[in-house]
Amino acid sequence: MTRFHPPGAPVAVLTTQPLDRALDYRAPTGGVEDGAFVEVPLGPRKVLGVVWGEAAGDWPVEKLRPILRVLEVPAMGSPFRDFIERAAAYTLTPLPAMLRLGLRAPGLGEVPGKRRVYGLGTGTPDRATPARQKVIDALRDRPTDLFALSELADLAGVSTSVVKGLCASGAVLEQAMPRDADFPPLDPARAGKPLAPDQAEAADALRAEIATGDYGTTLLRGVTGSGKTEVYLEAVAECMARGRQALVLLPEIALTAEFLTRVQARFGARPAEWHSGVTQAERRRTWAKTAEGQARLIVGARSALFLPYRDLGLIVVDEEHDTSYKQEDGVLYSARDMAVLRASCEGAQVVLATATPSLESWANAELGKYKRLDLTSRFGEAVLPKLATIDMRDEAVAGGRWISPTLKRAVEARIIAGEQSLIFLNRRGYAPVTLCRACGQQVACHQCDARMVEHRFLKRLMCHQCGETAPMPEVCPSCGVEGKLAAVGPGVERMAEEVTALFPEARVAILSSDLFGSARALKAKVEEIASGGADIIVGTQLVAKGHNFPKLTLVGVIDADLGLQGSDLRAAERTFQLMRQVSGRAGRADKPGQALLQTYQPDHPVIRAILTGDEEAFLREEAAQRRAAGVPPYGRMAGIVISDPDAGVAFDVGNALARNTAGLDEIGAEVYGPAPAPIARIRGRHRVRLLVKAPRQAPIQPALAAWVAGIDLPRSTRLSIDIDPQSFL
Ligand SMILES: [Zn+2]
Ligand SMILES: [Zn+2]
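Enquirer: I tried to follow empty space enclosed by the protein on my own but got confused; where do I start?
Expert: If a probe the size of a water molecule is rolled over the atoms, the empty space left behind becomes visible. Using the criterion set out here, one finds three cavities of 30 Å³ or more in the structure. Considering only enclosed or pocket space, the largest cavity measures out at about 130 Å³ in volume. For the largest cavity, the lining is made up of 15 residues, of which H321, D322, T323, R336 and Q726 are closest to its centre. Counting residues per element, the lining of the largest cavity draws most heavily on helix α15 (residues 571-583), which supplies three residues. Among the residues forming the lining of the largest cavity, the class breakdown is one nonpolar, six polar and eight charged. Each pocket or cavity is described by its volume, and for the second largest cavity that value is around 120 Å³. Lining the second largest cavity we find V223, T224, A355, T356, L384, P385, L387, R580, Q581, S583 and G584. In terms of residue count, α15 provides more of the lining of the second largest cavity than any other element does, three residues in total. Of the residues in the lining of the second largest cavity, the class split is five nonpolar, five polar and one charged.

Here it is in structure tokens:
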């Protein structure tokens, strides 16, 4: 409930500062309402906060300091405040850290009119230097964008004085930040593409859900090419027609461009965007126009869940099974689960769209908590690709080579037919292991318990845990012998090398996330391939996501067993999803496709399930196993990671926790560990983990909070709790 507080009345203000609660202040002249964004004094500083209801009242009113300023933005609605509180409680995140996600508008606290922005000017620099040229190049790349000073300097890789120096000649245009312009109106009444009967039926069902004006979640399942996007855009249209706002979450920024084109075709204009690829000025505009209710459709990354919607009616989570929806840094949350939570606070609908549902969503549909809609026909008459395994035990493959003779023949046939093939290996870089043939040591990251991966394209070694890179050494770091370092195992760059050697006449393109400096460069490459600019694509899971290559008729999976090796709870589920998705890339248009899976274990239940394509049977079997083991989604889990520069200290904390489990015992939870985490050292910190498993209905969060609160952490030690962990690293 939103209350108005008269001038001088005590109110609570929640700030983003790391305090354990809201603080009391006095309402300013003119009073203030709940949810208002305000500036308050905190010690010697001024900080931003939000009015968070009634004061605690443990200080006399006359001793309270007054609120300094009420920002000229709409107040945070009570559904949003409710969401922040519930999300904080669910993920065991301190409230201020959760609020920070909702205050990510660049320059929110600045006084309007004082902001300066920089864009491409028409003048010529009076003196050309390489640094100045970098700025001009960066701006020519994005001629219509306006940047904050430090943002542009970072983008160009120069100091801010270089940018300032270019303003005098007019080569860079400096101006006052213009008032945020309205987004062009989207027209929900424009006609969409004609829908197939199953699409039309699903669209009707979603429209009926929107019409209730209440919370509800629907799993929208359809194979690649079945036209899910057209269906959920009908739900977006219905939501906008009713005057409410819609949010579409995408798992990858790289997919945004294609989606924006479809929105423009459907509604006649482009929607608001919110992700790391847009400028601060544009993000500020999206934030403000979302708060005003003027932006009706927002397309974004998971952090768009924390925008200040005025009246949110629909959240679409596209590719809901995608693991990138789990935030693994800072505040640990699943965007899919938070979408459901936010929608329930807002009285909004959720559509979870996917070709391969996550077991969680599938199980919720089975339980009747979610509705379920299935699209059965593939759009444009194309059929699912034929799947087959290649039994690698029967294939003659030379050492240091990975493409079997059977796969080679299949690729040759496609080249002759003028069609495209995809060679798929979900591993970045050239080789996963660099081994010294003199001493037998592997080259490892000096600050993590992980191997350095050779990236030959970048001519560097890279740690995939911490991102540390180093030049490829000439001599072995362990024994100092020269010329004995050897690449072991395949990465996607090495596969490209093999493909080029096997098919010297073919045009080969590599698609791997680290080979492209920008989303723009990747998009250009994808378009080139789509228009027939390559005969063979060599790619990682980047290609499994949404890109449409009409001439692609063959998918060859180099190592279908790769994902099955981990001890991860979701290894089978992920392998099934990834293999289904990547093989779905073949034969989208009018040509039938084929997918060939190289495997050493063709009788593995997961490989067999992929071949038969019986997804329901696979999910039922997987569900039965998880239910028997009492693990998610049929039980609750939490991962606790304790890290410290000293391994002994981390273990002491872990052991202290393991000795003191009375509160967890009471709710029927079990504690496993402490044990070294699967990655036992990252960035020089030793990591120890405990796993907590509890029955599905157990109140796990308060029990965990009380448990860790009972431990005095040494200053050097960090402890993080991951509710419903997605990975066990
Ligand atoms: Zn050596
Ligand atoms: Zn590292």
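Enquirer: What am I meant to see in the coordination of the zinc ion (ligand 2) here?
Expert: Each pair of donors in an ideal octahedron of six around a metal sits at 90 or 180 degrees, and each pair in an ideal tetrahedron of four sits at 109.5 degrees. Ligation of the zinc ion (ligand 2) by protein atoms is provided by C445 (SG), C448 (SG), C463 (SG) and C466 (SG), these donors lying 2.3 to 2.4 Å from the ion. One can describe the donor arrangement at the zinc ion (ligand 2) as tetrahedral, given that its four donor atoms subtend angles of 103 to 114° at the metal. Donor residues for the zinc ion (ligand 2), ordered by position in the chain, follow C-x2-C-x14-C-x2-C. A residue pair is termed long-range when its members are at least 10 positions apart, and C448 in the loop between β21 (433-436) and β22 (452-455) and C466 in the loop between β23 (460-463) and β24 (469-471) qualify at 18 residues. The exposure class assigned to C448 is buried, which follows from its relative accessible area of 2%. Among the residues examined, C466 registers a relative accessible area of 14% and is labelled buried.

Criteria and thresholds
Counting restarts for each chain, with residues numbered from 1 along the sequence as it is written. Labels are handed out in written order, letters beginning with A for the chains and numbers beginning with 1 for the ligands. The model is predicted, so local features are restricted to residues of pLDDT at least 70 and side-chain atom pairs to those at 80 or more, both for listing and for counting; the totals for chains, interfaces and linings are taken over all residues. Heavy atoms from the whole structure form the basis of all side-chain values; hydrogens and water molecules are not counted. Put plainly, a pocket is an open set of points on a 1 Å grid over the protein atoms alone with protein on both sides within 12 Å along at least five of seven lines, a cavity is a set where a 1.4 Å probe fits but cannot get out, and a lining residue has an atom within 4 Å of a point. Grid points are joined across faces, edges and corners, and a volume is the space filled by probe spheres set on the points. Where helices and strands are cited, they refer to DSSP runs of H or I of at least four residues and of E of at least two residues respectively, numbered from the N terminus. Residues are grouped as follows: nonpolar covers Ala, Val, Leu, Ile, Met, Phe, Trp, Tyr, Cys and Pro; charged covers Asp, Glu, Lys and Arg; every other residue, Gly included, is treated as polar. Listed donor atoms are N, O and S within 2.8 Å of the metal (Na, K and Ca: 3.2 Å). As water is not included, a site may look incomplete. Tetrahedral means four donors with every angle between 85 and 135 degrees, whereas square planar (four donors) and octahedral (six donors) require angles over 155 degrees between opposite donors and between 65 and 115 for all others; sites fitting neither are termed irregular. Throughout, exposure labels follow a simple rule: accessible area from a 1.4 Å probe, protein chains only, divided by the maximum for the residue type, with under 20% read as buried, over 50% as exposed, and the rest as partly exposed.

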